[in-house]
Amino acid sequence: VLCLLPKVGSTTWKLALLSKLLPISRKRLLTRSPHRKRRMPRVGPPRELLRTAPRIIIVRDPYDRLLSGYLDKIVMQKIARLAPKPYKIGDGFAAFVGNLTRLDGASDDLNPHFRPQSQLCGLPMGMSFDYVLKLEDMARWYEPFSRLLGITDIVQDPAWNTSGREWRGGKPCFYTPPKVRCSD
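Residues numbered from 1 in each chain as written. Predicted model: local features only at pLDDT ≥ 70, side-chain atom pairs only at ≥ 80, totals over all residues. Heavy atoms only, no water.

Draft legend 1. Seen up close, the pattern of salt bridges. Summed over all chains, the structure comprises 5 salt bridges. Taking the shortest distance from any N to any O, the salt bridge between D72 and K73 comes out at 3.3 Å. Side by side, D72 and K73 carry an identical accessibility label, which is buried. One salt bridge connects E143 with R147, and the closest N-O pair in it is separated by 3.5 Å. Here the residue E143 and the residue R147 both occupy positions in helix α6 (residues 138–149), the gap between them amounting to 4 residues, near one helical turn. E143 sits in the partly exposed class, given a relative accessible area of 45%. (Salt bridge = Lys/Arg side-chain N within 4 Å of Asp/Glu carboxyl O. Buried < 20%, exposed > 50% of the residue type's maximum accessible area, 1.4 Å probe, protein only. Helix = DSSP H or I, 4+ residues; strand = E, 2+ residues; numbered from the N terminus.)

Right, here's the structure in full:
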């Protein structure tokens, strides 16, 4: 069981998983957001096995996540409907945070990109996770996590990458641990 929160690299991870599961070209894969529902082949274990499957969640420093969401969704994409009311595009980060803190973190009015991580992935209903992977520690868990998901071949291929909007790194691949090249 894998919970991918908004603003923790979820788009990139979903694209890697979809690239492995769906035998379609990268160009066709990117014609729809990886966050939209798709008709997927049944690839997982029967429901009863899910109770014993490892549960994994990727989290991010809350301040980094908030700033990333603001810069991506509000500044770059200018998606006003995602902002906490009465914020208007151009009001600035301080006004954005001010409006955000006036809302209850569990409010349905609060877009998931800005909702506290503790309010997502079933956590308010008592969901627990066996592994909590901190995005800031990706150098430690990236390789074993990619192997566990069976996507090592995908994420090591420089051509697989994301739509280009989410990832603008200078490297030819999504991520490499320190002192490792994409071609290694």
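Draft legend 2. Summary view of the nonpolar core. L5, W13, I57, I58, W141 and F145 are the most contacted members of the largest nonpolar core, which totals 22 residues. Ignoring any residue separated from it by four or fewer positions in sequence, one finds W141 in contact with W13, I58, L133, K134 and L135. One finds L66, I74, F96 and F114 within the second-largest nonpolar core, a separate group that totals 11 residues. (Core = buried A, V, L, I, M, F, W, Y, C linked by side-chain atoms within 4.5 Å. Contact = heavy atoms within 4.5 Å.)

Draft legend 3. Representation of the packing of aromatic side chains. In total, this model carries 9 aromatic pairs according to the counting rule given. Consider the rings of F96 and F114, whose centres lie 4.9 Å apart with planes at 75°: the pair is edge-to-face. With F96 in helix α5 (residues 93–101) and F114 in the loop between α5 and β3 (131–134), the pair connects residues that are 18 residues apart, well separated along the chain. F114 carries the same exposure label as F96, and that label is buried. Each ring, one from W141 and one from F145, has its centre 5.4 Å from the other, and the planes form 85°; the classification is edge-to-face. You can see W141 and its partner F145 sitting in helix α6, 4 residues apart, about one turn around the helix. Accessibility expressed as a relative area gives 8% for W141, which makes it buried. (Phe/Tyr/Trp six-rings, centres within 6.5 Å; stacked < 30°, edge-to-face > 60°.)

Draft legend 4. Layout of a nonpolar patch on the surface. Together, L67, L71, V75, M76 and F93 give the surface a local cluster of nonpolar side chains, amounting to about 420 Å² of exposed area. Of all the elements, helix α4 (residues 62–76) adds the most residues to the nonpolar patch, at 4 residues. (Patch = residues over 30% accessible without salt bridge, like charges linked within 9 Å, V, L, I, M, F, W, Y side chains within 5 Å. Areas by Shrake-Rupley, 256 points an atom, 1.4 Å probe, with all protein chains shown as cover.)

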